[in-house]
Amino acid sequence: MVLSDSRTSGGVPRRISAMDAVLAHLRDAIERGELTVGEKLPTEAELGKHFEVSRSVVREALRTLQALGLTVSRAGKGTYVAASGPDQNPIFGSYSARDLLEVRRHVEIPVAGYAASRRTQDDIDLLTHLIGKMEQEPDPTAWVALDTLFHISVAQASGNPVFRKIIEEIRDALARQSTFLNQLGDRRRQSDLEHRALVEAILDGSEGAAMQAMAAHLEHVEITLNAIVRPGTAHPPNEGEEIHE
């Protein structure tokens, strides 16, 4: 089974990536019972040889399976099937999706409002620079790093260093979640639009609009997560689709 590590090729519309294909194959095998709970998966090298992809592609697929709760990694022993269906509360590093969403709603929404009313010119310059880079960044890993820095910078613009510390504490989990959503929910383009709306509200000094933009962003995140772990029960919003609260 030969897969390409490339997502695009010279103007051809976006196609499934090698990681997506490996992940889909393994997830389907687990959910259909071909790989049973307790069974050990082949090694990264064996999977790479089977699918004819790099070990880094296999490693990303295995990480995503683990985030979904379908597998567990045992140090020195390998990766084992842990469940026949995805965990509805995926784990990202030290925190679950529910942990992150609860905290982010209570922290980042008011933070956006404070940022709109307290931002300095330096804050404006940085946020404008970051959103511009994110919209143009071709590399998925670099984009995730910019995404995390963007949220830290919004917290910094609030003028309260405690808020920045809180976001920095969860930065690894945010990065893992962002990667997960981009890989399985194709979130990146929509996320850029949501970030742009937030930046514009902060630049306008509109506390209410900034809070609303951040609330909409987090709601889109939750909808996409639900669509991934509960297929058929929710759908990620399309570009320009409004969320009614």
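Every value quoted in this text rests on a predicted model; they were computed, and no experiment measured them.

Novice: Just to check I follow, could you spell out a nonpolar patch on the surface for this structure?
Specialist: Together, V103, V162 and I166 make up a nonpolar patch on the protein surface, roughly 210 Å² of accessible area in all. In this fold, V103 is placed in helix 4 (residues 97-118). The exposure class assigned to V103 is partly exposed, which follows from its relative accessible area of 36%.

Novice: Can you walk me through helix 6 (residues 140-157) in this structure?
Specialist: For an α-helix the count is 3.6 residues per turn, leaving residues at separations of three or four pointing the same way. Compared with an ideal rise of 1.5 Å per residue, which puts 18 residues at 26 Å, helix 6 spans 26 Å between its outermost C-alpha atoms and is within 8% of the ideal. Looking at helix 6, one finds that the buried residues are W143, V144, L146, D147, T148, F150, H151, I152, S153, V154, A155 and A157. Residues of helix 6 that are buried sit in contact with helix 4, helix 5 (121-136), helix 7 (161-169), helix 8 (171-185), helix 9 (188-204) and helix 10 (207-229). Immediately beyond the C-terminal end of helix 6, within one or two residues, lies G159, with a positive phi of roughly 80 degrees.

Novice: Could you clarify how one ought to interpret the pattern of salt bridges in this entry?
Specialist: Per the counting criterion, the structure on display carries 12 salt bridges. The partner of E44 in a salt bridge is R55, with the nearest N and O atoms 3.6 Å apart. Pair noted here: E44 is in helix 2 (residues 44-51) and R55 is in helix 3 (residues 55-67), with a separation of 11 residues, a long-range link. R104 is the partner of E108 in a salt bridge, and the nearest nitrogen-oxygen pair spans 2.4 Å. Within this pair, E108 and its partner R104 are both found in helix 4, separated by 4 residues, close to a single helical turn. Just as E108 is buried, R104 falls in that class too. A network of salt bridges, in which partner residues are shared, links D28, R32 and E34.

Novice: What am I meant to see in the packing of aromatic side chains here?
Specialist: A ring pair, where both rings are aromatic, is described by two values, the distance of the centres and the angle of the planes. For the structure on display, the rule yields 2 aromatic pairs. Consider the rings of F92 and F180, whose centres lie 5.1 Å apart with planes at 70 degrees: the pair is edge-to-face. Taken together, the residues span a long stretch of sequence, with F92 in strand 3 (residues 91-92) and F180 in helix 8 at a distance of 88 residues. The buried category is assigned to F92, whose relative accessible area is 1%. For the ring pair Y114 and F163, a centre distance of 5.9 Å and an interplane angle of 25 degrees mean the geometry is stacked. Of this pair, Y114 sits in helix 4 while F163 sits in helix 7, and the two are 49 residues apart along the sequence. In this structure Y114 comes out as partly exposed when scored by relative accessible area, which is 32%. Overall, the relative accessible area of 15% leaves F163 in the buried class.

Novice: What exactly am I supposed to notice about the confidence of the model for the protein chain here?
Specialist: On average, residues of the protein chain score 88 in pLDDT, and 88% of them reach the 70 mark or higher. Contacts from residues 4-15, a stretch scored under 50 in pLDDT, to residues over four places away or in other chains number 20 contacts.

Novice: What is the right way to read the nonpolar core from this model?
Specialist: Note on soluble globular proteins: their nonpolar side chains tend to be buried together. Within the largest apolar cluster, 64 residues are counted, with the highest numbers of intra-cluster contacts made by L65, F92, F150, V154, F180, L198 and L225. Ignoring sequence-local partners within four residues, the contact set of F180 consists of T64, A67, L68, P90, F92, G185, L225 and I228.

Novice: Looking at this model, I keep getting lost on the environment of N89. Mind explaining?
Specialist: Position of N89 relative to the elements: it lies in the loop between strand 2 (78-81) and strand 3. Along the primary structure N89 and N226 are separated by 137 residues, whereas in three dimensions their C-alpha atoms are 9.1 Å apart. A distance of 3.2 Å separates the side chain of N89 from the side chain of S96, its partner in a polar contact. In this structure the side chain of N89 is engaged in a polar contact, spanning 3.4 Å, whose partner is the backbone nitrogen of A97.

Novice: Mind showing me how you'd approach unusual backbone geometry here?
Specialist: In most cases, non-glycine residues show a negative phi, while peptide bonds are predominantly trans. Phi angles above zero are rare outside glycine, and E52 is one such case at about 60 degrees. Residue placement: E52 occurs in the loop between helix 2 and helix 3. For D186, which is not glycine, the phi dihedral falls at a positive 50 degrees. Secondary-structure assignment places D186 in the loop between helix 8 and helix 9.

Analysis parameters
The written sequence of each chain sets the order in which its residues are numbered from 1. In keeping with the model being predicted, local features are shown solely for residues with a pLDDT of at least 70 and side-chain atom pairs are shown and tallied solely at 80 or more, while totals for entire chains, interfaces and linings include all residues. As a rule here, side-chain values cover all heavy atoms of the structure and leave hydrogens and water aside. Exposure above 30% relative accessible area and the absence of a salt bridge qualify a residue for a patch, where like charges join within 9 Å and nonpolar side chains (Val, Leu, Ile, Met, Phe, Trp, Tyr) within 5 Å. Only the protein chains shown count as covering a residue, and every accessible area follows the Shrake-Rupley method with a 1.4 Å probe. What counts as a salt bridge is simple: a side-chain nitrogen of Lys or Arg found within 4 Å of a carboxyl oxygen of Asp or Glu. Helix and strand definitions follow DSSP, with helices as H or I runs of at least four residues and strands as E runs of at least two, each counted in order from the N terminus. Only protein chains enter the calculation, and the probe is 1.4 Å; a residue is then buried if its accessible area is under 20% of its type maximum, exposed if over 50%, and partly exposed in between. A helix is expected to span 1.5 Å for every residue after the first. Any two residues having at least one pair of non-hydrogen atoms within 4.5 Å are treated as being in contact. Classification of ring pairs rests on two measures: the distance between centres of Phe, Tyr or Trp rings, Trp counted by its six-membered ring, which must be within 6.5 Å, and the angle between planes, read as stacked under 30 degrees, edge-to-face over 60 and tilted in between. A residue's pLDDT is the confidence the predictor assigns to it, expressed on a 0 to 100 scale. In this text, buried Ala, Val, Leu, Ile, Met, Phe, Trp, Tyr and Cys residues form a nonpolar core when linked through side-chain atoms within 4.5 Å. Side-chain atoms alone can form a polar contact between residues adjacent in sequence; in general such a contact is a pair of N or O atoms within 3.5 Å, and within protein one must be able to donate a hydrogen while the other accepts it.

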